[in-house]
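Survey of secondary and tertiary structure
Residue strings, one per chain:
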Amino acid sequence: MATGYAPSSMYRSREGMGIWEHKGKVAAVGVGHSPTERRWDERPETSVGAWSIMALRNAIADAGVEPDHIDGIVIVPETTTGAFWPDDKPLPQDVINAFVQTDDPLDGVAKLSVEWLLKNMPELTNINYSVYAPVCMSNALNVAAQAVGDGLAHTVLVLKAWHNLEGRYYQGGQNAQDAIGGTSAIRSLWGAPACYGTALQFAEYCRKYGKDHDMMTPFIINSRRNGLMFPEGYWAQHRPEELTPEDYQLARWIAKPANLFDNDIPIMCAASYLFTTAERAKDMKQKPVYVLNHVDSDAVPRGLTPTLDEVEAECALTGRKIYEGAGITAADLSFENMYDGFTQFHQFHLEGLGYRGIGFGDALDFYQTDISIEGPNPVSPSGGNIGSGRSRFWMHTDSIQQLQGRAGGRQITGVNAEIGVSGGPMPLGGNYTVWSATPD
Amino acid sequence: MTILISFDIDGTMEIGDPAGAVTLEMVKTARAKGIITGSCSDRPMSAQRAIWEQYGVEYDFVCYKHLLSDLKTQFEVEEYYHVGDRDDLDRKYAIQAGFGFFWPDEAAASPLLL
């Protein structure tokens, strides 16, 4: 069974597509996580492959299904954005030998294939549908929802995992080469850090609307607070440090006006969800969380970095697509878990949604109100990447757990958890899922 | 002679992530010699305070490493040093602020800490 990337036809990228044809007919049931670590210690049992298997098995157990009932798998094969195995670094042969291998020695070490997973999870005997989704769990969720809805598989595991190696992030790969191809050469030539583009957009945002960086403070503190109540997350597990206004406001600039704490911390981790039909979900161990819609943003900026105008236009379009396909309005959202890794994405997403009636330029003022999980307007109850480290999946786990009523200390209490939305990463180029406690 | 030594944490001290060559005992030894000590790290300042308190080591200051020059205005001593593991952050900011600079293994072998 050769696995390829999901075709573009599986994504809902356009406005005007109407209500999603499978609205309420697909559900997430099981959630599985690995532990987290800052970096890999190069032991087999903590490799990205081992932790992927652990997350998958945890999701299966959480859903209470037999492994041989699972007939589909959707994974993200890339396991990093900035920690690439150095060309001159010897292969970790003892780790490779600890697992059933594929032709690629870095499979399970610095990348993942379906073939590797199935070789090392012999209990998955009935997989007859597999597909790759690029880059993010957000993308994989869109694909899994559509696959179940279309009947390509009835019980699907979704997986995203991250490795992180010794040394500094974004210092390897093409950044370590003498030459860089494509348009990235133009930015990389000047050493722009990853958050540079978003910082530019945020600078223009502040100028346009008369805001400033310090106004981000309540969002940062709220995100870390929520993250510290996320037992699966990095900060909760390893460094339970709250942030104070002083901590945030005095931190050094990475790309002004984005400082150190506007960036997320790269970590190792893996997460998996079990998707199935609404009908089958009724008999599983956890409360089903129904998918009302999924949305893709495939906009291409006119230049190397999207302008603020482009960001706002695309976020507004994404918001309209989210509501159109789910058949809901902004007023129906109990909470939002849009992406935050860089923090300065979040206000764009929030304003595009029109969350709690806010418009463009309003989010930073909104942050000065009660955005806690106890209040009427919970913002990022997951805490996101800022609250738990770079995974791009905390928002999805939290959304499912909120609607299942098992978010623990993070459970929102100011409003009933009925409908939520999660997704990202980029304002131009992201994937979103609308979740609901009920199918309609 | 009055001396101030600022310690980076991650990659510099034994309690850092990754661990470095400078031990808490070395910091205590420096303090016993009358040296003013504290941390200048990228870790949140509130977390830096918590670390010193967790390990029961007294400290005179915490700050961010890019604020070393501000730190200099708060303590009038004859010699200022920063210990860190990164050229582009620790060494750069130390030099800009007029601090002497030690790599962690140099500091661990310095008579100031032994």
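Before any of the text, the structure's been laid out above.
I will try to describe carefully the structure that is included in this document. Within any chain, residue numbers begin from 1 and follow the written order of that chain's sequence. Note on labels: chains are lettered from A, ligands numbered from 1, in written order. Given that this is a predicted model, residues contribute local features only at a pLDDT of at least 70 and side-chain atom pairs are listed and counted only at 80 or more, while totals for whole chains, interfaces and linings are drawn from all residues. To obtain the side-chain values, all non-hydrogen atoms of the structure were included, while hydrogens and water were left out.

**Considerations on the pattern of salt bridges**
Salt-bridge detection follows one rule: a side-chain nitrogen of Lys or Arg within 4 Å of a carboxyl oxygen of Asp or Glu. If you walk through the whole model with that rule in mind, you get 30 salt bridges over all chains. Lys 111 of chain A is paired through a salt bridge with Asp 104 of chain A; the nearest N and O atoms lie 2.8 Å apart. Partly exposed describes any residue whose relative accessible area lies between the buried limit of under 20% and the exposed limit of over 50%, with all areas from a 1.4 Å probe on protein chains only and scaled to the type maximum. Judged by its relative accessible area of 27%, Asp 104 of chain A is partly exposed. Note that Lys 65 of chain B is salt-bridged to Asp 90 of chain B, the shortest N-O span being 3.1 Å. Of this pair, Lys 65 of chain B sits in the loop between strand S3 (61-63) and helix H3 (68-74) while Asp 90 of chain B sits in helix H4 (residues 87-97), placing them 25 residues apart in sequence. Of the residues examined, Asp 90 of chain B reaches a relative accessible area of 0% and is grouped as buried. The network of salt bridges with shared partners includes Arg 239 and Glu 241 of chain A together with Asp 10 and Arg 43 of chain B. A run of H or I in DSSP counts as a helix once it spans at least four residues, and a run of E counts as a strand once it spans at least two, with each numbered from the N terminus.

**Re the interface of chain B and chain A**
Taken together, the contacts link 17 residues of chain B with 17 residues of chain A. Buried surface area refers to the total accessible area, computed with a probe of radius 1.4 Å, that the two partners give up upon joining, counted for both partners together. At the boundary of chain B with chain A, total buried surface from both sides reaches about 1300 Å², with 46% on carbon and sulfur atoms. Our enumeration of links across chain B and chain A arrives at four salt bridges. With a shortest N-O distance of 3.9 Å, Arg 39 of chain A and Asp 17 of chain B are connected by a salt bridge. Identification of polar contacts relies on pairs of N or O atoms within 3.5 Å, with a donor-acceptor requirement for protein atoms, meaning one able to donate a hydrogen and the other able to accept it, and with residues adjacent in sequence counted only if both atoms are side-chain atoms. Taken together, the links from chain B to chain A amount to six residue pairs in polar contact (both at pLDDT 80 or more). Listing elements by their share of the side of chain B that touches chain A, those giving two or more residues are helix H2 (45-54) and H4 of chain B. Split into classes, the residues belonging to the side of chain B that touches chain A amount to eight nonpolar, two polar and seven charged. Whether two residues are in contact is decided by their heavy atoms, any of which lying within 4.5 Å being enough. Side-chain classes are defined by residue name, with Ala, Val, Leu, Ile, Met, Phe, Trp, Tyr, Cys and Pro counting as nonpolar, Asp, Glu, Lys and Arg as charged, and the others, Gly among them, as polar.

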